[in-house]
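Read off the chains here:
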Amino acid sequence: MDFLISGTHINPFALIGVGFVVGLLGGFFGVGGSFLAGPALFGFGVPMNFVVGTDLAHIVGKSIVAARKHRALGNIDLRLGGIMMFGTIGGVEMGAQLIQQLKKNAYIDIVVGITFIVILLSISAFMAWESWRTLKMHRNKVARLGEPLIAESKKQDPSAFAHIAKKIQSFGLPPHISLPASGIERISFWSIIIVSFIGGFFSGFLGGGAGYIRMPSMIYLLGIPTHIAVGTDLFEIIISAGYGTFTHALKGNVDIFIALVMHTGAAIGAQIGATLTQYFAGPRIRLAFIPLPLIGAAIVVYGLLTGQHHK
Amino acid sequence: MKPEIKAVFKSFSIELVVYAVLVVGYFFLVLHFLGDWLYHLYHNERKTYAIVALALIIGQGIVLESLTRTLLRLIRRGRED
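Procedures and definitions
- Residues numbered from 1 in each chain as written.
- Chains lettered and ligands numbered in written order.
- Predicted model: local features only at pLDDT ≥ 70, side-chain atom pairs only at ≥ 80, totals over all residues.
- Heavy atoms only, no water.
- Helix = DSSP H or I, 4+ residues; strand = E, 2+ residues; numbered from the N terminus.
- Buried < 20%, exposed > 50% of the residue type's maximum accessible area, 1.4 Å probe, protein only.
- Contact = heavy atoms within 4.5 Å.
- Areas by Shrake-Rupley, 256 points an atom, 1.4 Å probe, with all protein chains shown as cover.
- Pairing = 2+ DSSP bridges.
- Buried area = accessible area lost by both parts, 1.4 Å probe.
- Polar contact = N/O pair within 3.5 Å; in protein donor to acceptor, adjacent residues only side chain to side chain.
- Core = buried A, V, L, I, M, F, W, Y, C linked by side-chain atoms within 4.5 Å.
- pLDDT = per-residue confidence, 0-100.

## Side note on the overall build of chain A
Scanning chain A for helices and strands turns up twelve helices and four strands. In chain A, which comprises 311 residues, the proportion classed as buried is 61%. Sequence separation of at least 24 residues holds for 81% of the intrachain contacts in chain A that already meet a minimum separation of 6. Surface summary for chain A: the accessible area is close to 11300 Å², and the carbon and sulfur share equals 68%.

Put into structure tokens, the structure is as follows:
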């Protein structure tokens, strides 16, 4: 099927299939799924500027499905999401402006592709290390104290990085706020803004909702419980991807037809993924997340090496 | 596999089949007619295109979410009966 806006030819069922997988994984892990959708579109031969803009559009629709599901499950901290919105929008605009600058020369695919690979590999390596440490720590605790800990609630969420989150929560720059839904008594407004700005920047620059940055940052840096981080991240993705879609569409980087087709598969996948989070505990969700950025990185490497990109 | 998880997977499988039929119909009927109009907007009225693009994806997100939720509810109710 020809997608005239981006000038590409893609099998619509392949797009629906990719959408379904991305939706399923995104709903489960609380990320937009751009670490797979973006590389997949690039692999289909879509020019990088359209990959970034179109991926953002598809993510908006998909995240609405998953966020509504997570809201029903009580996994969204609306106060945190509302504050993060300001940093996110500023970051998205800065990322989109950088794409505009890169569009003027021939290196956009290489620069965005390599940045993507570096980010995805770093996240995967870091989360593997952290989840392994957390599970090891948990096992030692169980061995020391015996049976009762095995029966811990799935909502209890140990992390090997809890001490870093505690330090960031004690950051002194006012104003300070409390986040009762996330169990945080006091945190600087600016810590939240910085984390959301970085997430927004990668959303505007690499496409998608940048949940692969924001979700781990919320858990490890802000100390948000994994289940709340998953739901709130999806809420935030709607804001960042919505704004990103608009600004990229104005700049001619969105093939909405591709996004609509892909989203039909993503909608059902997201619904299933969000329901499945109820059956898994925090560290195990994080551990299962690890291979996904690696797959995304492999697809980008394949796209760059086989010349699937446009100059 | 736990009976509870087995039941969830069964519901999702039925939902998936019904949803696939509905979406393929929607895809060929509705999106086919929008193609030329969107292409025209993209080249001639970029601001309108940006607004329409965002509205379309949000609208589709809400409609499909309602559809998947309704399907799941109907399937669960059918199983309980």
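## Thoughts on the overall build of chain B
Helices and strands together make up the secondary structure of chain B, namely two helices and zero strands. Here chain B, with 81 residues, has 33% of them falling under the buried criterion. Expressed as a percentage of contacts within chain B between residues at least 6 apart in sequence, the contacts between residues at least 24 apart total 68%. For chain B, the exposed area adds up to about 5100 Å²; of that, 67% sits on carbon and sulfur atoms.

## Quick word on the pairing of strand 3 (residues 176-179) of chain A
All names here are of chain A. Taking every second residue as pointing to the same face, the buried face of strand 3 carries Ile177 and Leu179, while none of His176 and Ser178 on the other face is buried. As paired elements, strand 3 and strand 4 (residues 184-188) share three bridges and run antiparallel to each other. Following the sheet pairing, leucine 179 is matched in strand 4 by isoleucine 184. Counting the residues between successive antiparallel strands, the hairpin from strand 3 to strand 4 contains four residues, one of them, glycine 183, with a positive phi of roughly 75 degrees.

## A few points about the interface of chain A and chain B
If you look at the interface, chain A gives 37 residues, while chain B gives 35 residues. With both chains or domains summed, chain A and chain B bury close to 3300 Å², and 79% of this area falls on carbon and sulfur atoms. Taken together, chain A and chain B are joined by five residue pairs in polar contact (both at pLDDT 80 or more). The set of elements that each furnish at least two residues to the side of chain A that touches chain B consists of helix 1 (12-29), helix 3 (48-72), helix 9 (226-250) and helix 10 (256-276) of chain A. Tallying contributions element by element places helix 10 of chain A first for the side of chain A that touches chain B, with 13 residues.

## Here we look at the nonpolar core
Ile192, Tyr212, Ile224 and Ile256 of chain A together with Tyr49 of chain B are the most contacted members of the largest nonpolar core, which totals 89 residues. Not counting residues up to four positions away in its chain, the partners in contact with isoleucine 192 of chain A are Leu80, Ile83, Met84, Ile177, Leu179, Ile187 and Leu222 of chain A.

## Brief notes about the confidence of the model for chain A
Residue and element names in this part refer to chain A. Looking at chain A, the pLDDT average stands at 78 and 86% of residues meet or exceed 70. No element of chain A has a lower mean pLDDT than helix 11 (residues 282-289), which averages 65, and none a higher one than strand 2 (residues 8-9), which averages 88. For the stretch residues 148-155, pLDDT sits under 50, and the model shows 13 contacts to residues farther than four places along the chain or on other chains.

## Notes on the confidence of the model for chain B
In this model, chain B carries a mean pLDDT of 78, and residues with pLDDT of at least 70 account for 84%. For this predicted complex, the interface score ipTM comes out at 0.82, alongside a pTM of 0.72.

## Quick word on the environment of threonine 247 of chain A
With respect to the helices, strands and loops of the structure, threonine 247 of chain A is situated in helix 9. Apart from the residues lying within four places of it in its own chain, the contact partners of threonine 247 of chain A are Glu93 and Ala96 of chain A.

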